[in-house]
Amino acid sequence: MAIDFTLAPEHEEIRRRVRDFIRNTVVPAVKGFDDETTVTTRDEYLRVIFDLREKAREEGLWLPHMPKEWGGMGLGHVELAMVQSEAAKTRLGPWILNCAAPDEGNMHTLLHWADEEQKDKYLRPLLEGRKMSCFAMTEPEVAGSDPTLIRTHAVKDGDEWVINGHKWFISNARRASFAILIARTETDVPEGSRGANTAFLVDLPQEGWNDVREVETMHGSTGHSEIVITDLRVPDGQILGGRGNGHRLGQYRLGPARLAHCMRWISQAETALDMMVDRALNRYSHGSLLADKQGVQWLIADSAMELYQCKLMVLHAASKIDKGEDFRTEVSMAKHFVANSLNRIIDRSIQVHGALGYSTDTPLANMFQHARWARFADGADEIHQMRIAERTIAAYRATGSTNAATGGLPL
């Protein structure tokens, strides 16, 4: 078995181009957008970021995750990992390359599940950057990590479906031109069954889709909306992926999407570690630099080891996706480990920075607020642990060994 972590020359060149574009073009252009002392009008903000999107197209860095025949760069998940990690060095980077959530996951979903008419109407405008989308699955009344409990229901009425329900934390809903909405359609299927839900394509805005509020979180307004759905009518032709396939479609979407989150989180963790080391090399206290003190060295060492593990886990899971192998366990492991490592590494960096890290004079405080979300987004820690345990036990029962559940690696 050959193990080679070097990139092909053409992919190394792509990484260099993405890095240079983010560092030299994007970062200077968006500097000050997150600074409360800098006044930026919405018109100016939009002008800058849409101009950057056009430059990304010109540089050939548009849609790194999509096939070339659909206007993308045609990268596999291993190559996408290095693009996402470079793009996420700044908050707007993935959006400027048109590979940000939730549109990225919805593009994959539409490419795989939509018919030709639906691809032309919904996928193509997403790829061209003319429209934005959302994925409406999570509900406040039931556990968001268990879509078999969804209460939003759709009832057939002639050639239409009438949908009623309640959704929340629907990312991008206020900016979306359409939603992929998950609702229960099969009343004869027992509760808890995976064949009860169906995905619908819903044009927005539309009567019956009521955007109640943008949910405030510990880091402020986030673009995550609460939606009340009242007698929303959707034509039968707007079903995506076939009736009763909503659970399968959602799981297909979430696997690669979870890994894409990990790719972006690795970038944030690396930024926090870089800042930690820089602070340690420049802060003098009690007779020496912080970098010379064993306690600080341990914080740096633990963070470096965890980041190394994060990168290896993401690369291995990405390689399994590219090979068409079962990647569920590896993605669950990566999602859980990277999310928790992100929180720990940022926290250590704040500690080394002291009061400066706790202030908003550095990006660390804001990074830490956002990082806490990572431990329950796209599946809470405990759900991933439950699934990992189930697959580990199943592997042992089937083969007498847990090897298949720990990466299936030859050691």
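Our structure is the block above this text.
Residues numbered from 1 in each chain as written. Predicted model: local features only at pLDDT ≥ 70, side-chain atom pairs only at ≥ 80, totals over all residues. Heavy atoms only, no water.

Visitor: Can you explain the side chain of D103? Please cite residues and give values.
Guide: With respect to the helices and strands, D103 occurs in helix α5 (residues 103-113). Buried within the structure, D103 lacks any salt-bridge partner; R53 is the closest side chain of opposite charge, at an N-O distance of 5.5 Å. D103 has contacts with L126, K131, M132, S133 and N172, leaving out every residue within four places of it along the chain. (Helix = DSSP H or I, 4+ residues; strand = E, 2+ residues; numbered from the N terminus. Buried < 20%, exposed > 50% of the residue type's maximum accessible area, 1.4 Å probe, protein only. Lys, Arg positive; Asp, Glu negative; His and termini not counted. Salt bridge = Lys/Arg side-chain N within 4 Å of Asp/Glu carboxyl O. Contact = heavy atoms within 4.5 Å.)

Visitor: How would you explain the packing of aromatic side chains if you had to name every residue and give the values?
Guide: What the rule picks out here adds up to six aromatic pairs. Look at F50 and W95: their rings are 5.7 Å apart centre to centre, the planes differ by 80°, and that puts the pair in the edge-to-face class. Of this pair, F50 sits in helix α2 (residues 42-58) while W95 sits in helix α4 (residues 93-96), and the two are 45 residues apart along the sequence. By relative accessible area, F50 is classed as partly exposed at 43%. Here the aromatic rings of W168 and F169 are separated by 4.9 Å at their centres, their planes lie at 85°, and the arrangement is edge-to-face. Classification of W168 as partly exposed rests on a relative accessible area of 26%. Note on F169: relative accessible area 30%, which makes it partly exposed. Over the aromatic face of W62 sits the side chain of R57, whose NZ or CZ is 4.2 Å from the ring centroid. (Phe/Tyr/Trp six-rings, centres within 6.5 Å; stacked < 30°, edge-to-face > 60°. Lys NZ or Arg CZ within 6 Å of the ring centre and 35° of its normal.)

Visitor: Mind laying out the side chain of D381, listing which residues take part and the relevant values?
Guide: Residue placement: D381 occurs in helix α12 (residues 381-399). Within the structure, the side chain of D381 is placed 2.6 Å from the side chain of R375, a separation counted as a polar contact. Once residues lying within four places of it in the same chain are set aside, the contact partners of D381 are H336, N340 and R375. (Polar contact = N/O pair within 3.5 Å; in protein donor to acceptor, adjacent residues only side chain to side chain.)

Visitor: Now, about the environment of E117: what can you tell me, with residues and values included?
Guide: Within the element layout of this structure, E117 appears in helix α6 (residues 116-127). Remark: the alpha-carbon pair of E117 and M305, spanning 188 residues in sequence, is separated by 48 Å.

Visitor: Talk me through the nonpolar core; I want residue IDs and the actual numbers.
Guide: Ranked by size, the top nonpolar core spans 47 residues in total, and within it F21, I96, L97, L110, I180, L240 and L249 carry the most contacts. For this core, the element with the highest residue contribution is helix α1 (residues 9-30), accounting for six residues. Residues contacting L97, with those up to four places away along its chain left out, are V18, F21, A56, L61, W62, L63, P64, V83 and A87. The next biggest cluster of nonpolar side chains, apart from the first, holds 36 residues, and it includes A81, A291, V296 and L307. (Core = buried A, V, L, I, M, F, W, Y, C linked by side-chain atoms within 4.5 Å.)

Visitor: Describe the pattern of salt bridges, and please don't skip the residues or the numbers.
Guide: Under the defined criterion, the tally for this structure stands at 25 salt bridges. The salt bridge partner of D20 is R16, with a shortest N-O separation of 2.7 Å. Taken as a pair, D20 and R16 lie in helix α1 at a separation of four residues, close to a single helical turn. Note on R16: relative accessible area 39%, which makes it partly exposed. Between K55 and D51 there is a salt bridge, and its shortest N-O distance comes to 3.4 Å. Here K55 and its partner D51 are both found in helix α2, four residues apart, which amounts to about one turn of the helix. Taken together, the shared-partner salt bridges in this structure form one network comprising E13, R16 and D20.

Visitor: Could you give an account of empty space enclosed by the protein, with specific residues and numbers?
Guide: All told, the structure shown has one cavity of 30 Å³ or more when counted by the stated rule. If you go around the largest cavity, the residues you meet are M137, T138, E139, V142, A143, G144, D146, P147 and I150. Taken together, the residues of the lining of the largest cavity break down into five nonpolar, two polar and two charged. (1 Å grid on protein atoms, 1.4 Å probe; cavity = no way out; pocket = protein on both sides within 12 Å on 5 of 7 lines; lining within 4 Å. Points joined across faces, edges and corners; volume = space filled by probe spheres on them. Nonpolar A, V, L, I, M, F, W, Y, C, P; charged D, E, K, R; others polar.)

Visitor: Pulling in residues and values, what's your account of the layout of surface pockets?
Guide: Approximately 1,200 Å³ is the volume attributed to the second largest pocket. Those elements giving two or more residues to the lining of the second largest pocket turn out to be α1, α3 (77-87), α7 (246-282), α8 (294-322) and α9 (328-353). In terms of residue class, the lining of the second largest pocket is built from 21 nonpolar, nine polar and twelve charged.

Visitor: Requested: an account of unusual backbone geometry, with residues and values cited.
Guide: It is generally the case that most residues other than glycine have a negative phi and that most peptide bonds are trans. Between A101 and P102 the backbone carries a cis peptide bond, its omega angle lying at 0°. Among the structural elements, P102 can be located in the loop between α4 and α5. In this structure, F169 takes a positive phi of about 55° despite not being glycine. Mapped onto the elements of the fold, F169 is located in strand β3 (residues 160-171).

Visitor: Help me get a handle on α7, residues and values and all.
Guide: Each turn of an α-helix holds 3.6 residues, which means side chains three or four residues apart point in the same direction. Between its first and last C-alpha atoms α7 spans 54 Å; for 37 residues at 1.5 Å apiece the expected length is 54 Å, and the two agree. By the criterion of burial, α7 is predominantly enclosed, with 26 of the 37 residues buried. (Expected span 1.5 Å × (residues − 1).)

Visitor: Describe the environment of F5, naming the residues involved and giving the relevant values.
Guide: Examined against the element boundaries, F5 turns out to sit in the segment before α1. On the basis of relative accessibility, which here comes to 58%, the residue F5 falls in the exposed class. When the C-alpha atoms of F5 and R372 are compared, they prove to be 30 Å apart, with 367 residues separating the residues in sequence. Excluding residues within four positions of it along the chain, F5 makes contact with L312 and L315.

Visitor: How would you summarise the pairing of strand β2 (residues 153-157) if you had to cite specific residues and measurements?
Guide: Each regular strand shows side chains that alternate between the opposite faces of the sheet. Across five bridges, β2 lies against β3 in antiparallel orientation. Residue pairing in the sheet places D157 in a bridge with E160 of β3. In this structure, the hairpin formed by β2 and β3 is closed by a connection of two residues, where G158 is found at a positive phi of approximately 65°. (Pairing = 2+ DSSP bridges.)

Visitor: Residue-level account of the pairing of strand β1 (residues 133-136), with values.
Guide: Of the two faces of β1, both are covered, the one formed by S133 and F135 as well as the one formed by C134 and A136. With four bridges connecting them, β1 and strand β4 (residues 178-184) associate as parallel partners. For C134, the partnering residue across the bridge sits in β4 and is A179.

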